[in-house]
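# Coordinate inspection notes
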Amino acid sequence: MTAILTQEKSDQANADKKNIKKSPTERPPFTLSQIKKSIPPHCFNRSAFRSFSYVLQDLLMCSILSYLAVAWIPSIPSSFQYASWVLYWAAQGSVLAGVWILGHECGHHAFSDYSLLDDLVGLLLHSALLVPYFSFKYSHRRHHSNTGSLERDEVYVPKRKFDIPWYYKYIYNNPLGRLLSLTIQLTLGWTLYLAFNVSGRQYQRYACHYNPYSPIYSDSERADIFISDACLLAAAFALYCLASSFGFWWLIRVYGVPLLVENCCIVCLSYLQHTHPSLPHYDSTEWDWLRGALSTVDRDYRFFNKVFHNSTDTHVVHHLFPTIPHYHAMEATKAIKPILGKYYQFDGTPVFEAIWREAKECIYVEQDNCSVGSKKTRGVFWYNNRF
């Protein structure tokens, strides 16, 4: 009976996989220039005034929520305070994720026509969230230059089957193990990536976003890394002053937990944008920039699409043209869909269902030994979970 049930589960899993249409891996019949021509020219226009309006909108919401946390929640009956704090943490963390995304947009020079202004705004926004702005800007730029490359991509680089540790099958083959792994990934993943380059590209020596002499950076970038670190120290000192004035646990409730929620949101967003059974990865024999940039997927977060400034459902066009501001990205996405055709990937699976499925199905990548016409696609790799 157990064998029959196991076989039925396996058959159902295989059926589910068959319902997922894999992205084409042949070289596209269109060029980047042709894609760009399909987008209305005004979508490439950046407005400092309009961009600042979104910054002010998010900061105003953060201020209102902070006021409620400081002045209102402590005044209500204690039986309602616990639920109120949870709602505050969820709301404030989500809004802070929107602030993070605006800082990320500055790093792509999509905020305004002035790179100095972009860097100044991005530095302030990200430092307030304890993000090393320039450090992330430069590593993220390399991610955009090498998306989908197993050798050179900077983040969410999947392991090949022969590289996975022996204990993976005990973690990912059971629900409790997957839940534990996801919990660690969502809560600590962002910090581990910045500090230890976890899930990032393999370097010959220790790679860290806080180290100006990390192998991630070139000599011309190191001075900016020092600036990022100095701003983080200034932010840390400001937090120390707040803790000294109002108490450590006050700071944790008002700032620390929302920051943790914000980190969870960013990890969830980026993980689901780059992890999907339909997305290929390429080794150096097969990779090229356009196919790599197309190895991303748009998702639907419903109401939170707007909270996250549509970074959720416009990620494909963002990888093709990262200087398009978020407020034009929806129109640009609609414009490129006809020309991309089957190369455009979208999945509307609810977020919690999607992240659980990806954690189950996308454990490692293995080589594709199928043929495309008369050509072997041995440089193409697909996610798998068979141990």
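Per chain, the residues get numbers from 1 upward, laid out in the order the sequence is written. Selection of residues for local features in this predicted model requires a pLDDT of at least 70, selection of side-chain atom pairs for listing and counting requires 80 or more, and totals for whole chains, interfaces and linings are taken over all residues. To obtain the side-chain values, all non-hydrogen atoms of the structure were included, while hydrogens and water were left out.

For helices the rule is a DSSP run of H or I covering at least 4 residues; for strands it is a run of E covering at least 2, with both sets numbered from the N terminus onward. Within the protein, the regular secondary structure consists of 15 helices and seven strands. Scaling as 2.2 N^0.38, a compact globule of 387 residues should have a C-alpha radius of gyration of about 21 Å, and the protein matches this with 22 Å. A simple rule labels every residue: compare its accessible area, found with a 1.4 Å probe on the protein chains alone, to the largest value its type can have, and call it buried under 20%, exposed over 50%, or partly exposed in between. Scored against the burial criterion, the 387 residues of the protein give a buried share of 51%. Carbon and sulfur atoms provide 65% of the accessible area of the protein, an area that totals close to 19400 Å². Neither His nor the chain termini are counted; the positive set is Lys and Arg, and the negative set is Asp and Glu. Each charge is placed at NZ for Lys, CZ for Arg, CG for Asp and CD for Glu. Here the protein carries 36 positive and 31 negative side-chain charges, and the mean point of each set is 5 Å from the other. All radius of gyration figures rest on C-alpha atoms, and the globule criterion is 2.2 Å times the number of residues raised to 0.38. Each accessible area is a Shrake-Rupley result for a 1.4 Å probe, and residues are judged covered by the shown protein chains and nothing else.

For this document, the term salt bridge refers to a Lys or Arg side-chain nitrogen within 4 Å of an Asp or Glu carboxyl oxygen. Considering all chains together, one arrives at 14 salt bridges under this definition. For Arg-160, the salt bridge is made with Glu-151, and the minimal N-O distance between the two is 3.3 Å. Classification of Glu-151 as partly exposed rests on a relative accessible area of 30%. Arg-386 is the salt-bridge partner of Glu-366, the closest N and O atoms lying 3.1 Å from each other. On the criterion of sequence distance, the pair formed by Glu-366 in strand E4 (residues 364-367) and Arg-386 in the segment after strand E7 (380-384) is long-range, its members being 20 residues apart. Taking relative accessible area as the criterion, Glu-366 reaches 22% and is therefore assigned partly exposed.

Moving on to a nonpolar patch on the surface. A cluster of nonpolar side chains, namely Leu-60, Met-61, Ile-64, Tyr-67, Leu-68 and Trp-72, defines an oily patch on the protein surface of about 610 Å² accessible area. Here Trp-72 shows up in helix H3 (residues 48-72). Like-charged residues within 9 Å of one another, or nonpolar side chains (Val, Leu, Ile, Met, Phe, Trp, Tyr) within 5 Å, are grouped into patches, provided each residue has over 30% relative accessible area and no salt bridge.

One open sheet accounts for three strands, arranged E1-E7-E4; its pairing is antiparallel. Strands at the two margins of the open sheet, each flanked by one partner only, are strand E1 (281-282) and E4. Note on pairing: two strands pair once DSSP finds at least 2 bridges between them. Bridge analysis of E1 against E7 gives two bridges, and the strand direction is antiparallel. When the sheet's bridge partners are listed, Tyr-282 is paired in E7 with Val-380.

Relative to the elements of secondary structure, Trp-85 occurs in helix H4 (residues 78-107). Considered as a pair, Trp-85 and Val-257 are 172 residues apart in the sequence and their alpha carbons are 9.8 Å apart.

Here we take up the pairing of E7. Burial analysis of E7 places five of its five residues in the buried class, which makes it a mostly covered element. Burial along E7 is two-sided: Val-380, Trp-382 and Asn-384 and Phe-381 and Tyr-383, pointing in opposite directions, are all buried.

Another aspect to go through is the UniProt feature "domain: Fatty acid desaturase" (unreviewed entry) in the protein. UniProt positions are given in the numbering used here, feature names are shortened, and annotations may be inferred rather than shown by experiment. Sites flagged by UniProt as "domain: Fatty acid desaturase" (unreviewed entry) map to residues 84-345. Here residues 84-345 is 61% helix and 2% strand, with 38 Å between the C-alpha atoms at its ends.

Residue count minus one, scaled by 1.5 Å, sets the expected span of a helix. Taking 1.5 Å of rise per residue, the 14 residues of helix H5 (residues 115-128) would be expected to cover 20 Å, and the 20 Å separating its terminal C-alpha atoms lies within 8% of that figure. The complete set of buried residues in H5 reads Asp-118, Asp-119, Val-121, Gly-122, Leu-123, Leu-125, His-126 and Ser-127. In the core, the buried residues of H5 are packed alongside H3, H4, helix H6 (133-145) and helix H9 (222-246). One or two residues past the end of H5 sits Leu-130, with phi positive at roughly 60°. Working rule for contacts: check all heavy atoms of both residues, and any pair within 4.5 Å makes them a contact.

On to unusual backbone geometry. Even without being glycine, Leu-130 reaches a positive phi, approximately 60°. Of note, Leu-130 is situated in the loop between H5 and H6. By relative accessible area, Leu-130 is classed as partly exposed at 29%. The backbone phi angle of Asn-310 is positive, close to 60°, even though this residue is not glycine. Structurally, Asn-310 is set in the loop between helix H12 (304-307) and helix H13 (315-320).

Okay, empty space enclosed by the protein next. Think of a 1 Å grid over just the protein atoms. A cavity is a set of points where a 1.4 Å probe fits yet cannot get out, a pocket is an open set with protein on both sides within 12 Å along at least five of seven lines, and lining residues have an atom within 4 Å of a point. Grid points are joined across faces, edges and corners, and a volume is the space filled by probe spheres set on the points. Considering all chains together, one arrives at two cavities of 30 Å³ or more under this definition. Each pocket or cavity is described by its volume, and for the largest cavity that value is around 60 Å³. Along the walls of the largest cavity sit Thr-147, Gly-148, Asp-153, Val-155, Tyr-156, His-274, Leu-279, Pro-280, His-281 and Ser-295, which together make up its complete lining. Amino acid classes used here: Ala, Val, Leu, Ile, Met, Phe, Trp, Tyr, Cys and Pro are nonpolar; Asp, Glu, Lys and Arg are charged; the rest, including Gly, are polar. Along the lines of polarity and charge, the residues of the lining of the second largest cavity split into five nonpolar, two polar and two charged.

Within 6.5 Å between ring centres, the rings of Phe, Tyr and Trp (the latter by its six-membered ring) count as paired, and their orientation is classed by plane angle as stacked under 30 degrees, edge-to-face over 60, tilted in between. If you walk through the whole model with that rule in mind, you get 26 aromatic pairs. When the centroid spacing of 4.6 Å and the interplanar angle of 25° are considered together, the rings of Phe-246 and Trp-250 count as stacked. By the ring-pair criterion, three or more aromatic residues cluster together here, those being Trp-166, Tyr-167, Tyr-168, Tyr-170 and Tyr-172. When the NZ atom of lysine or the CZ atom of arginine is within 6 Å of a ring's centre and also within 35 degrees of its normal, the charge is said to sit over that ring. One cation-aromatic arrangement involves Lys-36 over Phe-44; the distance from NZ or CZ to the ring centre is 5.3 Å. Directly above the aromatic system of Trp-287 lies the positively charged group of Arg-152, at a separation of 4.7 Å from the ring centroid.

It is worth spelling out the nonpolar core at this point. With 59 residues, the main nonpolar core has Tyr-88, Trp-100, Leu-129, Trp-190, Leu-272, Tyr-301 and Phe-308 as its most contacted residues. Taken together, the elements giving at least two residues each to this core come down to H3, H4, H5, H6, helix H8 (175-196), H9, helix H10 (248-274) and helix H15 (351-361). The element that contributes the greatest number of residues to this core is H10, accounting for twelve residues. Setting aside chain neighbours within four positions, we find Leu-129 in contact with Leu-96, Val-99, Trp-100, Tyr-255, Leu-259 and Glu-262. Only buried residues count toward a nonpolar core. Its members are Ala, Val, Leu, Ile, Met, Phe, Trp, Tyr and Cys residues joined through side-chain atoms within 4.5 Å. In this structure, Val-316, Leu-320, Ile-324 and Leu-340 belong to the second largest nonpolar core, which totals 18 residues.

Among the structural elements, Arg-222 can be located in helix H9. Taking the C-alpha atoms as reference points, Arg-222 and Tyr-172, 50 residues apart in sequence, are found 39 Å from one another. For Arg-222, the residues in contact, after removing those within four places along its chain, are Pro-212, Tyr-213, Ser-214 and Tyr-217. In the analysis that follows, any N or O atom pair within 3.5 Å is treated as a polar contact, provided that within protein one partner can donate a hydrogen and the other can accept it, and provided that, for residues neighboring in sequence, both atoms belong to side chains. Among the polar contacts listed, one links the side chain of Arg-222 to the backbone oxygen of Ser-214, at a separation of 3.3 Å.

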